[in-house]
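# Remarks on the overall topology
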Number of protein chains: 2
Amino acid sequence: MNDTLEAAPIYSRLAEDLVTLINTGQLRPGERLPSVRTLSQQRKVSATTAVAALRALEMRGLVEARPQSGYFVRASASAAPMPAMTRLSTQARRVGIDTVMVRMIEASGDPGIAPLGAATADPACFPAKRLQRSISSTLRRRPRLLVEYALFAAGTDALRHQIARRYAELGCAVREDEIIVTNGCMEALNLALQTLTKPGDTIAIESPCYYGLLQVIQSLGLKALEIATHPGDGLSVDALEEALQRRDKDPIKACLVSANFSNPMGATMPDAQKRRLVELCERHDIPLIEDDIYGDLQHSGSRPRPARAFDKHHSVLLCSSFSKTLAPGARIGWICAGRRAEEIRMRKFATSIATPALLQDTLADILAAGGYERHLLKLRRAFATQVAQVSAAVCAHFPAGTRITRPRGGLLIWVELPRGIDTLALYDQALAEGVNFAPGPLFSPSGRYRNFLRLNCGRTMTPAIDHALMKLGKLMQRAL
Amino acid sequence: MNDTLEAAPIYSRLAEDLVTLINTGQLRPGERLPSVRTLSQQRKVSATTAVAALRALEMRGLVEARPQSGYFVRASASAAPMPAMTRLSTQARRVGIDTVMVRMIEASGDPGIAPLGAATADPACFPAKRLQRSISSTLRRRPRLLVEYALFAAGTDALRHQIARRYAELGCAVREDEIIVTNGCMEALNLALQTLTKPGDTIAIESPCYYGLLQVIQSLGLKALEIATHPGDGLSVDALEEALQRRDKDPIKACLVSANFSNPMGATMPDAQKRRLVELCERHDIPLIEDDIYGDLQHSGSRPRPARAFDKHHSVLLCSSFSKTLAPGARIGWICAGRRAEEIRMRKFATSIATPALLQDTLADILAAGGYERHLLKLRRAFATQVAQVSAAVCAHFPAGTRITRPRGGLLIWVELPRGIDTLALYDQALAEGVNFAPGPLFSPSGRYRNFLRLNCGRTMTPAIDHALMKLGKLMQRAL
């Protein structure tokens, strides 16, 4: 891609559209791209612009020119290969608090810094007006929602009904009375871990693993055992099984997994592996905690089922929230606590008494009215496009040898860089140049993944973001 | 009081009005009550009704008839003496979860049961319409509040400014940047305890102590050391000092106190004792956690200062919320974390990421507009009246030898019954008869206070509530 930012917007938007077609599979490996003439007619751009767009794709390694025939999608489209399966030691580690995390999160709120750090979407992706209407009408119908003390409330009936209904449509049996509404997914995970473990216990987690979860583990005084995880298929059930058999002295007390579009890898466990995981935990009598916060965000096709759908004994604790899908500011999450519902309900009381009923019923109103599915469709398409666009820019700007995940849902990509590059060392320079990202070591209690990073694709792609990725690529080249 | 409910409302409302005048000090001990003629003219009731009201007060021991002179307020008005200072063993205890608590709280939401259980006020006491207007205008001004992800947010600037401003007016120096907004006071207390202690640690608490706090202590695996507490003057600093000196092997790791209008006693520490407490904890290097949730609810005079006002080193962690004063359904609390602000902020992230910004700014809007003080004045008067009314009914209906606290703020009274009465044993019968209350043992990790109970005075006094207290009194008489 061109070095001058000024030139970028015109042809690069066209290039990005083509990348999207490739990444979403609408243009398959081996297929011919539209000709220069077709592109310039359809898009009302000059032939020069169309040529520039196609050349940019060629430079990124996404397409190849064949004499007299035009441009074709390369066999290994989406260019960079996936990172390899994680390889890990067998030692459980105490999690350490990382100040880089704080800076990364704080920088995510700075409008002057390219928003590739925290996993947040463009506020414009969410239905602000619909939420506003819904909150007004909810308060009109139930004017006491803000002045009544909701004591020992597991959640409002309306919201719990909607949550259970959605799971039923997925073929995942969840009873309304086992749902406890929480202050976001984070509180749900806290409740689950506090109920199932005591300080000093070891729990099995994916590796890499969301840094927020590592904070929870650290704050509860737990030890994390990192389990090898495949960038496409998620947690390795084989590796977990081996760990369960091996650890006689310091047994695993719970297993925490994000089976759909995990953070940071974006991996999704095949259904057969979900079933195996549930059965394995059941057999070893290890409670399974599932974080399904990204599950509704598939890029195409049908919504993958949570692991809980394969659980016949109501023993999987399924945690999720609306923070990534409907209302990031409402902080409404939940836990389907199965057999543990009474315990979790008690602990919710001891943690924060209740969750604001007004916000619960506001979301329930939208879910009941049916607008949610339409909104999700739009959101999924936006994330699919943005993931493809950021991936393409990474291919264009990052050093040779870079590998990236190809998530089928969510808003994140996980990038493996050549070995010499230390993303933690790179971080300060990047921030100083106005570029944010999440350095790899944030995702491991043992500080691994030094040559990895996570990129947020939740924001609409702009020339500024493309430029930020270019700058990041240059910093990497310099570090090699 | 008459046994037949039919006869009650007419004269008993008049009697309760007079009780209020006595309990709020508008009629002082030794002063003459209005004559039968004056009462019947002013109140437009028959002379018989006026006489019946005055006789009822006489039977309660609140007034005495003097021949040819009329009725006079008795020297020991408010009739029943205060309970004695608590006497305790020196052993720290693990807190046990109590299913009675769950039933008590659940029954508090049942409209068919007299609401003398959980500490909740009449929803009509709170400005529902004002809150509704404020939430609409806040969303109009800041339409993105529900769709922006508030990352690592200690709270909105607007709300933290208002909280700090109110403390400044009290002569309590709190910096805006040490305030972390929480999901109610309960989350604030959790954050404080999680930061300052580890499981197995012993913390010093008042005795009796709010059952919700005992749940927090239990859920964090802490041990509670009950410190003797005076029903009028609160925690005994002498007793705490002795405990601090004595405990070499199992040292106290933190002290948790509610210095103003404590729950359940309604006690308030004199300023000199607050200062001594702060200095004592400072000297022993024991962090002091203050729960000031009832501090704004004095029945008359000026608002008592929190213990934090006497802290020169920003080491007291001051927790509170708007759940008892402005918006019980909003679940907005806070912690002034002083030197610990960074740690607490990190832990808030690991607990629930953030608190809904829309609800924060809605409350900040009301605080900024100045209507809050007017609302508080009304609320304080309502609670003062209701505490006096419930106290009078207790004097009328409960067995001889009953003692009750005389709180100068809040909405609770703590009642000591004759030794033979077991409030836990009484509880099922009372619930079956449609009467709720909080049995004494809920307030002690060692199960003491079997002949005590707490009554909620947050609801407007009605003949039904008076009748409920009468039924409760009869159950007690039968148990003797």
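Rules used throughout
Residues numbered from 1 in each chain as written. Chains lettered and ligands numbered in written order. Predicted model: local features only at pLDDT ≥ 70, side-chain atom pairs only at ≥ 80, totals over all residues. Heavy atoms only, no water. Least-squares fit on C-alpha atoms with pLDDT ≥ 70 in both. Contact = heavy atoms within 4.5 Å. Axes fitted to C-alpha atoms, helices over the stretch in contact; angles between N-to-C directions. Helix = DSSP H or I, 4+ residues; strand = E, 2+ residues; numbered from the N terminus. Left-handed = near helix turned anticlockwise from the far one by under 90°. Nonpolar A, V, L, I, M, F, W, Y, C, P; charged D, E, K, R; others polar. Buried < 20%, exposed > 50% of the residue type's maximum accessible area, 1.4 Å probe, protein only. Pairing = 2+ DSSP bridges. Core = buried A, V, L, I, M, F, W, Y, C linked by side-chain atoms within 4.5 Å. pLDDT = per-residue confidence, 0-100. Buried area = accessible area lost by both parts, 1.4 Å probe. Salt bridge = Lys/Arg side-chain N within 4 Å of Asp/Glu carboxyl O. Phe/Tyr/Trp six-rings, centres within 6.5 Å; stacked < 30°, edge-to-face > 60°. Lys NZ or Arg CZ within 6 Å of the ring centre and 35° of its normal. 1 Å grid on protein atoms, 1.4 Å probe; cavity = no way out; pocket = protein on both sides within 12 Å on 5 of 7 lines; lining within 4 Å. Points joined across faces, edges and corners; volume = space filled by probe spheres on them. Polar contact = N/O pair within 3.5 Å; in protein donor to acceptor, adjacent residues only side chain to side chain. Expected span 1.5 Å × (residues − 1).

## Points about the relation of the copies chain B and chain A
The two chain copies are connected by a rotation around an axis plus a translation along it. Rotating chain B by 180 degrees and translating it 0.0 Å along the rotation axis places it on chain A, where the RMSD comes to 0.2 Å. These values place the two chain copies in the arrangement generated by a two-fold rotation axis. Comparing interface residues between copies, 100% of those in chain B also lie at the interface in chain A; the contact surface is shared.

## Describing the packing of helix 7 (residues 184-196) of chain A against helix 11 (residues 341-352) of chain A
Residue and element names in this part refer to chain A. Viewed as axis vectors pointing N to C, helix 7 and helix 11 meet at an angle of 120 degrees, and their least axial separation amounts to 10 Å. With respect to the hand of their crossing, helix 7 and helix 11 are arranged in right-handed fashion. Residues Glu187, Leu191, Ala192, Gln194 and Thr195 of helix 7 pack against Glu343, Ile344, Arg347, Lys348, Thr351 and Ser352 of helix 11. Of the residues contributing to the contact of helix 7 with helix 11, the split by class is three nonpolar, four polar and four charged.

## Things to note about the pairing of strand 11 (residues 333-336) of chain A
Along a regular strand, successive side chains alternate from one face of the sheet to the other. Residue and element names in this part refer to chain A. Residues of strand 11 alternate between two faces, with Gly333 and Ile335 on one and Trp334 and Cys336 on the opposite face, all of them buried. Judged from the four bridges that link them, strand 4 (residues 179-182) and strand 11 form a sheet pairing that is antiparallel. The partner of Ile180 across the bridge, within strand 11, is Ile335. Inspection of the sheet shows strand 10 (residues 317-321) paired to strand 11 by four bridges, in the antiparallel sense. Its bridge partner lying in strand 11, Leu318 is registered against Cys336.

## Some thoughts on the nonpolar core
Core analysis: the largest hydrophobic core is formed by 276 residues, its most contacted members being Leu455(A), Leu469(A) and Leu455(B). If we ignore the near neighbours within four places in the chain, the residues touching Leu469(A) are Leu116(A), Val390(A), Ala393(A), Val394(A), His397(A), Phe398(A), Leu455(A) and Met461(A). Ranked by size, the runner-up nonpolar core spans 22 residues in total, among them Leu235(B), Ala243(B), Ile252(B) and Met269(B).

## Points about the confidence of the model for chain A
Per-residue confidence for chain A averages 90 on the pLDDT scale, and 94% of its residues sit at or above 70. Confidence drops under a pLDDT of 50 for residues 1-8 of chain A, and excluding neighbours within four residues, the segment shows 14 contacts in the predicted structure.

## Overview of the sheet that holds strand 12 (residues 403-404) of chain B
Neighbouring strands of a sheet are bound in pairs by backbone hydrogen bonds; such pairs are parallel or else antiparallel. Residues and elements named next belong to chain B. Strand order in the open sheet formed by four strands is 12-13-15-14, and the pairing between neighbours is antiparallel. Only two strands of the sheet have a single partner each, and these edge strands are strand 12 and strand 14 (438-439). Contacts from helix 13 (residues 371-397) reach strand 12, strand 13 (412-416) and strand 15 (452-456), with the element oriented near 20 degrees to strand 13.

## Things to note about the interface of chain B and chain A
Each side of the interface is counted separately: chain B has 63 residues, and chain A has 63 residues. Buried surface at the junction of chain B and chain A, both sides included, amounts to about 5000 Å², of which 69% is carbon and sulfur. Per-residue buried area on chain B facing chain A is highest for Leu146(B), Val147(B) and Tyr149(B); these three make up 14% of the total on that side. The salt bridge involving Arg345(A) is made with Glu106(B); its shortest N-O contact spans 2.5 Å. Elements with a minimum of two residues in the side of chain B that touches chain A: helix 4 (99-107), helix 5 (128-141), helix 7 (184-196), helix 8 (211-219), helix 11 (341-352) and helix 12 (357-369) of chain B. Of the residues assigned to the side of chain B that touches chain A, the class counts are 38 nonpolar, 15 polar and ten charged.

## Some points on the sheet that holds strand 13 (residues 412-416) of chain A
All names here are of chain A. Pairing is antiparallel in the open sheet, where four strands are placed in the order 12-13-15-14. Since the sheet does not close on itself, it has two edges, and those belong to strand 12 (403-404) and strand 14 (438-439), each with one partner. Pairing of strand 13 with strand 15 (residues 452-456), which is carried by five bridges, proceeds in the antiparallel orientation. The residue bridging Val415 from the neighbouring strand is Leu453, located in strand 15.

## With respect to the packing of aromatic side chains
For any pair of aromatic rings, geometry is given as the distance between the ring centres together with the angle between the planes. Taken as a whole, this structure holds 20 aromatic pairs over all chains when the rule is applied. Ring geometry for Phe322(B) versus Tyr372(B): centroids 6.1 Å apart, planes at 80 degrees, classification edge-to-face. A residue pair is termed long-range when its members are at least 10 positions apart, and Phe322(B) in the loop between strand 10 (317-321) and strand 11 (333-336) and Tyr372(B) in helix 13 qualify at 50 residues. Clustering of aromatic rings is evident, with ring pairs tying together Tyr210(A), Tyr211(A), Trp414(A), Phe443(A), Tyr449(A) and Phe452(A). In this structure, Arg66(A) packs its charged tip against the face of Phe72(A), placed 4.0 Å from the ring centre.

## Structural notes on the environment of Thr325(B)
Residues and elements named next belong to chain B. Checked against the element boundaries, Thr325 lands in the loop between strand 10 and strand 11. Residues Thr325 and Val19, spaced 306 residues apart in sequence, show a C-alpha to C-alpha distance of 25 Å. Look past the residues within four positions of Thr325 in its chain and what remains in contact with it is Phe126, Asp296, Leu297, Tyr372, His375, Leu376 and Leu379.

## Some points on empty space enclosed by the protein
In this structure the tally under the stated criterion is eleven cavities of 30 Å³ or more. Each pocket or cavity is described by its volume, and for the largest cavity that value is around 310 Å³. Tyr210(A), Asn263(A), Ile293(A), Tyr294(A) and Lys324(A) are the residues nearest the centre of the largest cavity, which is lined by 27 residues in total. Of all the elements in the fold, those that place two or more residues in the lining of the largest cavity are helix 7, helix 8 (211-219) and strand 8 (252-257) of chain A. The biggest single contributor to the lining of the largest cavity is helix 7 of chain A, with three residues. Of the residues contributing to the lining of the largest cavity, the split by class is 17 nonpolar, five polar and five charged. What the second largest cavity holds in volume is close to 210 Å³. Contributing elements (two or more residues each) for the lining of the second largest cavity: helix 7 and strand 8 (252-257) of chain B. By residue number, the principal contributor to the lining of the second largest cavity is helix 7 of chain B, which donates three residues. Counted by class, the lining of the second largest cavity contains twelve nonpolar, four polar and four charged residues.

## A word on the environment of Gln360(A)
All names here are of chain A. Tracing the backbone through its elements, the reader meets Gln360 in helix 12 (residues 357-369). Residue class for Gln360 comes out buried when judged on its relative accessible area of 2%. As for Gln360 and Ala330, which are separated by 30 residues in sequence, their C-alpha atoms are 8.5 Å apart. Those residues in contact with Gln360, other than ones at most four positions away along the chain, are Gly155, Thr156, Leu159, Val181, Ile332 and Thr355. Among the polar contacts listed, one links the side chain of Gln360 to the backbone nitrogen of Thr156, at a separation of 2.7 Å.

## A few points about helix 6 (residues 157-169) of chain A
All names here are of chain A. Here helix 6 contains 13 residues, and its C-alpha end-to-end distance of 18 Å stays within 8% of the 18 Å for a straight helix at 1.5 Å per residue. Within helix 6, the full set of buried residues consists of Leu159, Arg160, Gln162, Ile163, Ala164, Arg166 and Tyr167. Gly171 sits one or two positions beyond helix 6 and adopts a positive phi of about 75 degrees.

## Details of the pattern of salt bridges
Close approach of charged atoms allows side chains with opposite charge to pair. Considering all chains together, one arrives at 60 salt bridges over all chains under this definition. With its nearest N and O atoms 3.4 Å apart, the salt bridge here joins Arg141(A) to Asp365(A). Taken together, the positions of Arg141(A) in helix 5 (residues 128-141) and Asp365(A) in helix 12 put the pair 224 residues apart, joining distant regions of the chain. The salt bridge involving Asp311(B) is made with Arg308(B); its shortest N-O contact spans 3.9 Å. Counted as one network, the salt bridges with shared partners bring together Arg166(A), Asp292(A), Asp296(A), Arg303(A) and Glu373(A).

## Brief notes about unusual backbone geometry
Between Asn263(A) and Pro264(A) the backbone carries a cis peptide bond, its omega angle lying at 10 degrees. Inspection of the secondary structure puts Pro264(A) in the loop between strand 8 and helix 10 (271-284). Even without a glycine there, the phi angle at Ile353(A) is positive, about 60 degrees. Here Ile353(A) lies in the loop between helix 11 and helix 12. The exposure class assigned to Ile353(A) is buried, which follows from its relative accessible area of 3%. Not every positive phi belongs to a glycine, and Arg331(B) is a case in point at roughly 55 degrees.

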